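What follows is each chain in one-letter form.
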Amino acid sequence: MLTRLNTSLSRFVLVLAACVAVSFLEVSLAIANQLTFEPEKTYGAEQARKVSRPTTRWVTTDHSRHPVLQQEFSSPEEVTRACLTCHNEASNQIHQTIHWTWIDPADSERLMGKNGLTLNNFCISIHSNEPRCTSCHAGYGWKDGQFDFNKEEAVDCLICHDTTGTYEKFPTKAGYPVEAPTKFGKKTFQPPNYTVIAASVGRPTRANCGACHFYGGGGDGVKHGDLDSSLYNPSRQLDVHMNSEGANFTCQRCHSTDAHFISGRTYKQPAFTDRRSLIEDDLVKRISCESCHTATPHAVGHKANDHTDKVACQSCHIPAFARVKPTKMYWDWSTAGKMKDGKPYKVKGAFGKASYMTKKGHFVWEKNVQPEYFWYNGKMDYLLVTDKIDPTKVVKVNFVEGDKDDPDSRITPFKVHRGKQPYDSVNMTMAIPHLFGKDSSAFWKGFDWNASLTAGMAAADVPYSGEYGFVETEYHYPITHMVAPKEKTLSCNACHVKDGRLATLSGFYMPGRDGSRTVDILGWVAVLAALIGVIVHGVMRVISKSKSEQE
């Protein structure tokens, strides 16, 4: 009898143990979700410090002592000619880069890029708007719709190498500084002292890069969301890499440069093609997180190391963008052109930013924005102004390339800028407006959409029917800056829950997020039934044995 009772009890204990194990696993996962790792104790963080530690860069010349730089310069081109007396390959190198051509070097058809047939949903296109857009081109002079892309002295050396902070391009002079004090908006631009600036040139700083990249799309923080003037001198809370009291990285610490070609732009050309680390090969470009932190950046045995083949580091380490300054999240061109008392006007909205301008329409600004997430392999594809669209659907102006089955793809955070912009309602293509200029066809002058689109499309040499409408669009920007400190990284339950950050990504199983309530209930019913069965079976065996012994 005791043997049989022990057998029954053993079965009961096994089932009960299984139930306890399941409960223990659930509790363990819940606890694990609340844990944060300690990066400074990990192998990857230590190696990152070794390979990315700032070094003292020596110099072998004092530019102020070069006689050619001590002359009085009357134009910026003269400064460039003086630079080329020593740096005689610099202009030729610049001419091969995307900073000069505004064309993706990987595109043999020369259609991808600002100077090609791509567009965006901010100011839409440079075509016919070059004198305004070239304020951020690394060159001088755009006249009559043409630019001499082979003219060596047209390269602007000072925009990247000025260290005095006094060199500025005037916003509407096709890349030229002013010759006399000139007011633009609320700011007065002063003519540069070329002799002082030329004698003080040096390696680019964040101020040089930020002069253009922090103000893309028409203003501070407008475009990217993770690039704005707060990164000139960011706190540790904003960016652990660029914090002046920490690593104090310059832009080129990550955006590796080779013969003036700066890595990181993503059209068909990926931002990087190699996920090896500098520990494995010191020739690897520092553009991916793995370059410094390796593919196993966390403590040995930490579950987060199992995520790096599918989840980009930025997804956990950049929980939000536009954390200091707001960024523009929506731009509706269809409402532009309205007047008040016969004059253009603007309305101030959230964060002190304009919510409406006659010149540009309605805007929506946001701060502390949660990114959207996509599978991304480092490449972007772009809609061309000649491509057919379906105006009944949201038009994607660019496309994030990647897939869950692509070994090079990672779940990556993005800013998605949405808007409403003009299209050719007969040819079913997007449309380019002529915005800037003194002629009546410039929209900001005459506020005539049809005249503006006629001139813009002609400048791009693209057919235009003369009829237009407005269509909803999306534009995607990968979020890679504003890396938060360790204590601000996302916890596991930011994603591993129902309706978490990755709720829109489908086609794969994610613990904590995916499951069936019906299946879960049936499973627990089965466990309970088994438990009851074991108990009943054991009781019946005891009773049966007891009766047998009494007989």
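Quantities reported herein were computed from a predicted structural model and do not represent experimental measurements.

*Asks:* I would appreciate a short explanation of the side chain of S229 in the present structure.
*Replies:* For S229, the location among the structural elements is in the loop between α9 (206–213) and β3 (257–258). Accessibility expressed as a relative area gives 15% for S229, which makes it buried. A distance of 2.5 Å separates the side chain of S229 from the side chain of D220, its partner in a polar contact.

*Asks:* Any chance you could explain a positive patch on the surface here in plain terms?
*Replies:* Taken together, the side chains of K186, K346, K348 and K359 make up a positively charged region of the molecular surface. By the secondary structure assignment, K346 is in strand β6 (residues 346–348). The exposed category is assigned to K346, whose relative accessible area is 58%.

*Asks:* Whenever I open this one, the packing of aromatic side chains confuses me. Can you help?
*Replies:* Aromatic ring pairs are defined here through the distance separating the ring centres and the angle between the ring planes. Tallied over the full model, the rule gives 19 aromatic pairs. Ring geometry for Y140 versus Y176: centroids 5.5 Å apart, planes at 20 degrees, classification stacked. Of the two residues, Y140 is situated in the loop between α6 (130–133) and α7 (158–161) and Y176 in the loop between α7 and β1 (182–184); the sequence distance between them amounts to 36 residues. With a relative accessible area of 21%, Y176 lands in the partly exposed category.

*Asks:* How do you make sense of the confidence of the model for the protein chain when you look at a structure like this?
*Replies:* Low pLDDT means the predicted atomic positions in that stretch should not be read closely. Here the protein chain shows a mean pLDDT of 85. Residues at 70 or above account for 83%. For the stretch residues 1–43, pLDDT sits under 50, and the model shows 40 contacts to residues farther than four places along the chain or on other chains.

*Asks:* How should I be thinking about a nonpolar patch on the surface in this particular structure?
*Replies:* Together, L528, I532, V536 and M540 give the surface a local cluster of nonpolar side chains, amounting to about 380 Å² of exposed area. Residue placement: V536 occurs in helix α14 (residues 517–550). By relative accessible area, V536 is classed as partly exposed at 41%.

*Asks:* Sorry, what's going on with the nonpolar core here?
*Replies:* Side chains of nonpolar character tend, in soluble globular proteins, to be buried together. Judged by nonpolar contacts, the single largest core of 40 residues is most densely connected at L119, W333, V385, I389, M430, F443 and M457. Among all residues touching M457, those that are not within four sequence positions of it are V385, T429, M430, A431, I432, V462, P463 and Y464. With 13 residues, the next largest nonpolar core counts C157, I159, Y194 and A198 among its residues.

*Asks:* I tried to follow the pattern of salt bridges on my own but got confused; where do I start?
*Replies:* Oppositely charged side chains may form a pair once their charged atoms are brought near each other. Under the criterion given, the structure shown has ten salt bridges. In this structure, K169 and D156 form a salt bridge, with 2.8 Å as the shortest nitrogen-oxygen distance. Of the two residues, K169 is situated in the loop between α7 and β1 and D156 in the loop between α6 and α7; the sequence distance between them amounts to 13 residues. Taking relative accessible area as the criterion, K169 reaches 9% and is therefore assigned buried. Ionic pairing is found between R513 and D514, a salt bridge with its closest N-O pair at 2.8 Å.

*Asks:* Would you mind showing me how to read the pairing of strand β15 (residues 468–478) here?
*Replies:* Successive side chains on a regular strand alternate, one facing one side of the sheet and the next facing the other. The pairing of strand β11 (residues 395–396) with β15 spans two bridges and is classified as parallel. Across the sheet, residue V395 finds its bridge partner in β15, namely T473. As judged from the eleven bridges shared by strand β13 (residues 410–424) and β15, these two strands associate in the antiparallel manner. Across the sheet, the residue bridging to F414 is P478, located in β15.

Rules used in this analysis
Residues numbered from 1 in each chain as written. Predicted model: local features only at pLDDT ≥ 70, side-chain atom pairs only at ≥ 80, totals over all residues. Heavy atoms only, no water. Helix = DSSP H or I, 4+ residues; strand = E, 2+ residues; numbered from the N terminus. Buried < 20%, exposed > 50% of the residue type's maximum accessible area, 1.4 Å probe, protein only. Polar contact = N/O pair within 3.5 Å; in protein donor to acceptor, adjacent residues only side chain to side chain. Patch = residues over 30% accessible without salt bridge, like charges linked within 9 Å, V, L, I, M, F, W, Y side chains within 5 Å. Areas by Shrake-Rupley, 256 points an atom, 1.4 Å probe, with all protein chains shown as cover. Salt bridge = Lys/Arg side-chain N within 4 Å of Asp/Glu carboxyl O. Lys, Arg positive; Asp, Glu negative; His and termini not counted. Charge placed at Lys NZ, Arg CZ, Asp CG, Glu CD. Phe/Tyr/Trp six-rings, centres within 6.5 Å; stacked < 30°, edge-to-face > 60°. pLDDT = per-residue confidence, 0-100. Contact = heavy atoms within 4.5 Å. Core = buried A, V, L, I, M, F, W, Y, C linked by side-chain atoms within 4.5 Å. Pairing = 2+ DSSP bridges.

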